Amino acid sequence: MPHKEDRKGPVWLISTTWRRNTTIRWRRYHVSRAMSIHKTSSLRYSDVTPRREYINRRLFLAAGSAVLGALASPFAAGAETKLSGYTKSPFSTDEKPTPYSAVTSYNNYYEFGTGKDEPAKNAKNYRTSPWMLSIGGEVTKPKMLDLDAIMKVAPLEERIYRHRCVEGWSFVIPWIGFPLNALLKQVEPTSKAKYVAFQSYYDPKQMLSSRAAQIQFPYIEGLRLDEAMHPLTLISVGLYGQTLPPQNGAPLRLTVPWKYGYKSIKSLVKIRLVEKQPPTTWNLAWSQAYGFYSNVNPQVDHPTHSQATEERLGSGIFGQHIKTRMFNGYDQVASLYSGMNLRKYY
Ligand code: MTE
């Protein structure tokens, strides 16, 4: 996916047909890169195996190797530490969690690679301590918090949430964290604060360039203030009873379970309360496909595929093909959007 500026080029010299064809070509390219497992260099197993079967076989093998020899698995021996003292949340689903090995080996974290298996390999030596999170903008009490302070913002809870990626697959993940609203209340948003803007850590020395990853870095996201204050919106600091592995967004990330996964920004360093709707990384990359709201909605298709169903991955060679639910099944958020046309505000 070329940069947006490159795509536009010197528009005054370019014919309409050329521009239209370029846009179509760019979309096809973008979709094959961003919406599936991809490698352009040579024909791979994934190119000749049905996608669904291929993904599940990989996850099944990963789960198997973890069971057969935890120390032999590259993903089981991480430096994650056990978390304790967290309570179980009534917001948890009773659906079966996806195996740890799948959740931590099949990731989207473009800063560390655009293939699903790359973040776990490339983020291995990523240092997440010391870490500082700044919270400012339209607030009366801006804050700079280190990890110790972050862990004390509110009591930790385990929340088992469904996690639906815009690509059409889903997991069930037992996160550990606290509601974002606990943090936002501490900084006291002013009456001007209408939105919350989030920014990921970015270090070009240990991460891909924007050009290589084909999306803008630092990764940025945003929520409306009432969405950010909703009790389901979580700051996650762990999963499966341990601190977050780097590939899942260590040391802290956002988790917004009723929205497509790309809203759940990883490795947070900056939160700003703002008056106007903030820009977001995927919306900047392709606004027709990735809206600001990005609520899971089986009735609004992605330009390249239906969103009516999803593959629940990680439970065996064949994933479970299930119907996607409005707001990913989190009906309690519906009132946030009453009166809004969700086809327009996708
Ligand atoms: N955050 C950052 N900083 N960079 C990313 O590439 N990918 C997003 C989101 N947060 C992404 C990110 C996408 S597309 C998804 S689906 C989820 O993280 C994936 O989270 P997981 O790897 O823990 O399943």
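A quick note: this is a predicted structure, and the numbers were derived from the prediction, not measured.

Definitions and cut-offs
- Residues numbered from 1 in each chain as written.
- Predicted model: local features only at pLDDT ≥ 70, side-chain atom pairs only at ≥ 80, totals over all residues.
- Heavy atoms only, no water.
- Helix = DSSP H or I, 4+ residues; strand = E, 2+ residues; numbered from the N terminus.
- Buried < 20%, exposed > 50% of the residue type's maximum accessible area, 1.4 Å probe, protein only.
- Contact = heavy atoms within 4.5 Å.
- Areas by Shrake-Rupley, 256 points an atom, 1.4 Å probe, with all protein chains shown as cover.
- Near = heavy atom within 4 Å.
- Polar contact = N/O pair within 3.5 Å; in protein donor to acceptor, adjacent residues only side chain to side chain.
- 1 Å grid on protein atoms, 1.4 Å probe; cavity = no way out; pocket = protein on both sides within 12 Å on 5 of 7 lines; lining within 4 Å.
- Sits in = over half its atoms within 2 Å of the grid points.
- pLDDT = per-residue confidence, 0-100.
- Phe/Tyr/Trp six-rings, centres within 6.5 Å; stacked < 30°, edge-to-face > 60°.
- Salt bridge = Lys/Arg side-chain N within 4 Å of Asp/Glu carboxyl O.
- Lys, Arg positive; Asp, Glu negative; His and termini not counted.
- Core = buried A, V, L, I, M, F, W, Y, C linked by side-chain atoms within 4.5 Å.
- Pairing = 2+ DSSP bridges.
- Axes fitted to C-alpha atoms, helices over the stretch in contact; angles between N-to-C directions.

Novice: Explain the overall build of the protein chain to me, please; I cannot follow it from the model alone.
Specialist: Summing up its helical and strand segments, the protein chain has 11 helices and 13 strands in all. Within the protein chain, the fraction of its 346 residues that count as buried is 53%. Sequence separation of at least 24 residues holds for 72% of the intrachain contacts in the protein chain that already meet a minimum separation of 6. Accessible surface, the protein chain as shown: approximately 16100 Å² in total, 56% of it carbon and sulfur.

Novice: Teacher, can you tell me more about the site of the ligand here?
Specialist: The full set close to the ligand counts 16 residues, and Tyr110, Glu111, Ser200, Arg253 and Lys266 are the nearest of them. Asn107 is positioned with one of its side-chain polar atoms (N or O) 2.9 Å from an oxygen atom of the ligand. When the ligand is considered free in solution it has 540 Å² of accessible area, and contact with the protein chains removes 98% of it. Under a 2 Å grid-point criterion requiring more than half of the atoms, the pocket assigned to the ligand is the largest cavity.

Novice: I'm lost on the confidence of the model for the protein chain in this one. Help?
Specialist: Reading predicted coordinates in detail is not appropriate for stretches of low pLDDT. Mean pLDDT over the protein chain: 84, with 77% of residues reaching 70 or higher. Note that residues 1-54 has pLDDT below 50 and, in this model, 75 contacts with residues that lie over four places away or in other chains. Low pLDDT, under 50, characterises residues 63-77; the stretch is placed with 12 contacts to residues that sit more than four places away or in other chains.

Novice: Would you take a moment to explain the packing of aromatic side chains for this structure?
Specialist: The geometry of an aromatic ring pair is captured by the separation of the ring centres together with the interplanar angle, meaning the angle of the planes. Counted according to the given criterion, the structure contains 20 aromatic pairs. Judged by centre distance (6.4 Å) and plane angle (85°), the rings of Tyr126 and Trp131 are edge-to-face. Neither residue differs from the other here; Tyr126 and Trp131 are each classed as buried. Judged by centre distance (5.4 Å) and plane angle (90°), the rings of Phe292 and Tyr293 are edge-to-face.

Novice: Explanation requested: the pattern of salt bridges in the structure shown.
Specialist: As a working rule, side chains carrying opposite charge can pair if their charged atoms are close by. Enumeration according to the criterion identifies 12 salt bridges in this entry. A salt bridge links Lys121 to Asp117; its shortest N-O distance comes to 3.3 Å. Residue Glu227 pairs with Lys259 through a salt bridge whose shortest N-O separation is 2.8 Å. Highlighted residues: Glu227 in helix H10 (residues 225-229) and Lys259 in the loop between strand E10 (253-255) and strand E11 (268-274), separated in sequence by 32 residues. Residue class for Glu227 comes out buried when judged on its relative accessible area of 0%.

Novice: What exactly am I supposed to notice about the side chain of Arg253 here?
Specialist: Examined against the element boundaries, Arg253 turns out to sit in strand E10. Buried within the structure, Arg253 lacks any salt-bridge partner; its nearest side chain of opposite charge belongs to Glu111, at an N-O separation of 11 Å. Side-chain polar atoms of Arg253 contact the backbone oxygen of Asn248, separated by 2.9 Å.

Novice: Please explain helix H8 (residues 180-187) as it appears in this structure.
Specialist: For an α-helix, the turn length of 3.6 residues means that residues three or four places apart are oriented alike. Here H8 lies mainly inside the structure; six of its eight residues are buried. Inspection of H8 places Leu180, Asn181, Ala182, Leu183, Leu184 and Val187 among the buried residues, and these make up the whole buried set.

Novice: What is the right way to look at the environment of Thr281 in this model?
Specialist: With respect to the helices, strands and loops of the structure, Thr281 is situated in helix H11 (residues 281-285). As a C-alpha pair, Thr281 and Gln216 span 65 residues in sequence and 5.9 Å in three-dimensional space. Other than its neighbours up to four places away in sequence, Thr281 contacts Ile215, Gln216, Pro218, Tyr219 and Ile220.

Novice: Looking at this model, I keep getting lost on the nonpolar core. Mind explaining?
Specialist: A general tendency of soluble globular proteins is for nonpolar side chains to be buried together. Within the largest apolar cluster, 78 residues are counted, with the highest numbers of intra-cluster contacts made by Leu180, Leu183, Phe198, Trp258, Ile271 and Leu273. Among the elements that take part in this core, strand E5 (residues 169-179) stands out by supplying six residues, more than any other. For Ile271, the residues in contact, after removing those within four places along its chain, are Leu133, Ser134, Ile135, Gly136, Leu180, Leu183, Leu184, Val196, Ala197 and Phe198.

Novice: Sorry if this is basic, but what is going on with the sheet that holds E11 here?
Specialist: Across a sheet, paired strands are connected by hydrogen bonds in the backbone, their directions being either parallel or antiparallel. Ordered by their spatial adjacency, five strands build an open sheet running E3-E2-E11-E6-E7, and the pairing between neighbours is mixed. With one partner strand each, in any of the chains shown, strand E3 (143-146) and strand E7 (220-224) form the two edges of the open sheet. Strand after strand, the sheet turns through a mean of 15° between neighbouring axes, direction not considered. By the bridge criterion, four bridges tie strand E2 (residues 132-137) to E3 in an arrangement that is antiparallel. Looking at E3, one finds that Ile135 is bridged to Lys143.

Novice: Could you clarify how one ought to interpret the environment of Tyr260 in this entry?
Specialist: Among the secondary structure elements, Tyr260 is positioned in the loop between E10 and E11. Counting along the chain gives 33 residues from Tyr260 to Tyr293, while the straight-line C-alpha distance between them is 9.1 Å. Residue contacts for Tyr260: discarding those within four places in its chain leaves Arg164, Cys165, Val166, Ser294, Asn295, Val296, Asn297 and Gln307. Looking at Tyr260, its side chain comes within polar contact range of the main-chain nitrogen of Asn297, at 3.3 Å.

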